[in-house]
Amino acid sequence: MSGHGAPTITPDGSGLRVAVIAASWHETVMDGLLDGAARGLADSGVGWVDVIRVPGSFELPVAAARLAPHYDALVALGVVIRGGTPHFDYVCQAATNGLNEVAISTGTPIGFGLLTCDNDAQALDRAGLADSKEDKGHEAATAAVATARTLRDWATTAGE
């Protein structure tokens, strides 16, 4: 269950500490994203995983900023569904920019599992549920682990 053009990645996450930060809105979609992230981390051999829940997607960056120094990688999961007000645009932009800023400023990889969808059907289709076309939780977890492993391997060869 991967998106068109998505690479097949199976990183070695052994020895990595990973935290999953998950929003609470849209319970069915979030359950699927969390299950997918757990599968991705297990498939990668990650043995240390903490799950931290926050109220919504807007709160993902502040949690990531606090946790980043203590983990090798983070996985940020959330879902924002477009409504009839500009709220969607503000939350999506704030969460995306905030997570990006945390990753760059701390050097801690963050798997981006924030769904920004026009409707519930799109979110369900990306949630990694039995009838979903995509598994964005798994993809985000795998990307975070692969990036953490790449950076750790680079630091070892560079003598850091």
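Residues numbered from 1 in each chain as written. Predicted model: local features only at pLDDT ≥ 70, side-chain atom pairs only at ≥ 80, totals over all residues. Heavy atoms only, no water.

(A) Expanded view of unusual backbone geometry. With phi around 60°, histidine 26 is a residue other than glycine that occupies positive phi space. Along the chain, histidine 26 falls in the loop between strand S1 (17-22) and helix H1 (27-43). Residue classification places histidine 26 among the partly exposed residues on the basis of a relative accessible area of 30%. (Helix = DSSP H or I, 4+ residues; strand = E, 2+ residues; numbered from the N terminus. Buried < 20%, exposed > 50% of the residue type's maximum accessible area, 1.4 Å probe, protein only.)

(B) Local environment of H1. When the terminal C-alpha atoms of H1 are compared, their 24 Å separation across 17 residues agrees well with the 24 Å that a helix rising 1.5 Å per residue should span. Among all positions of H1, only Val29, Met30, Gly32, Leu33, Leu34, Gly36, Ala37, Gly40 and Leu41 are buried. Just past H1, the residue glycine 45 takes up positive phi, approximately 80°. (Expected span 1.5 Å × (residues − 1).)

(C) Up close: the pairing of strand S4 (residues 110-117). Among the eight residues of S4, six are classified as buried, and the element is accordingly described as predominantly covered. Inspection of the sheet shows strand S3 (residues 73-81) paired to S4 by eight bridges, in the parallel sense. Along S4, the bridge assignment pairs isoleucine 81 with cysteine 117. In the classification by handedness, the crossover that spans S3, the intervening helix H3 (residues 87-106) and the parallel S4 is right-handed. (Pairing = 2+ DSSP bridges. Right-handed = clockwise from strand over helix to strand, strands pointing away.)

(D) Region of the structure containing the packing of helix H2 (residues 60-67) against H3. For the pair H2 and H3, interaxial distance at closest approach is 8 Å and the crossing angle is 10°. The orientation of H2 relative to H3 falls into the category roughly parallel. Each of Leu60, Pro61, Ala64 and Ala65 in H2 lies in contact with H3, whose residues at this interface are Ala94, Ala95, Gly98, Leu99 and Val102. Partitioned by chemical class, the residues of the contact of H2 with H3 number eight nonpolar, one polar and no charged. (Axes fitted to C-alpha atoms, helices over the stretch in contact; angles between N-to-C directions. Parallel < 35°, antiparallel > 145°, perpendicular 65-115°, else oblique. Contact = heavy atoms within 4.5 Å. Nonpolar A, V, L, I, M, F, W, Y, C, P; charged D, E, K, R; others polar.)

(E) Fine view of the nonpolar core. Within the largest apolar cluster, 25 residues are counted, with the highest numbers of intra-cluster contacts made by Val18, Val29, Leu41, Val75, Leu77 and Val79. Looking at this core, the elements that each hand over two or more residues are S1, H1, S3, S4 and helix H5 (136-158). Of the residues forming this core, the biggest block, six residues, is contributed by H1. Ignoring anything within four residues of it in the chain, the contact list for valine 18 reads Leu41, Val46, Trp48, Val49, Asp50, Tyr71, Ala73, Val75 and Val145. Counting 20 residues, the second-largest nonpolar core is a separate cluster that includes Ala68, Ala95, Leu99 and Val102. (Core = buried A, V, L, I, M, F, W, Y, C linked by side-chain atoms within 4.5 Å.)

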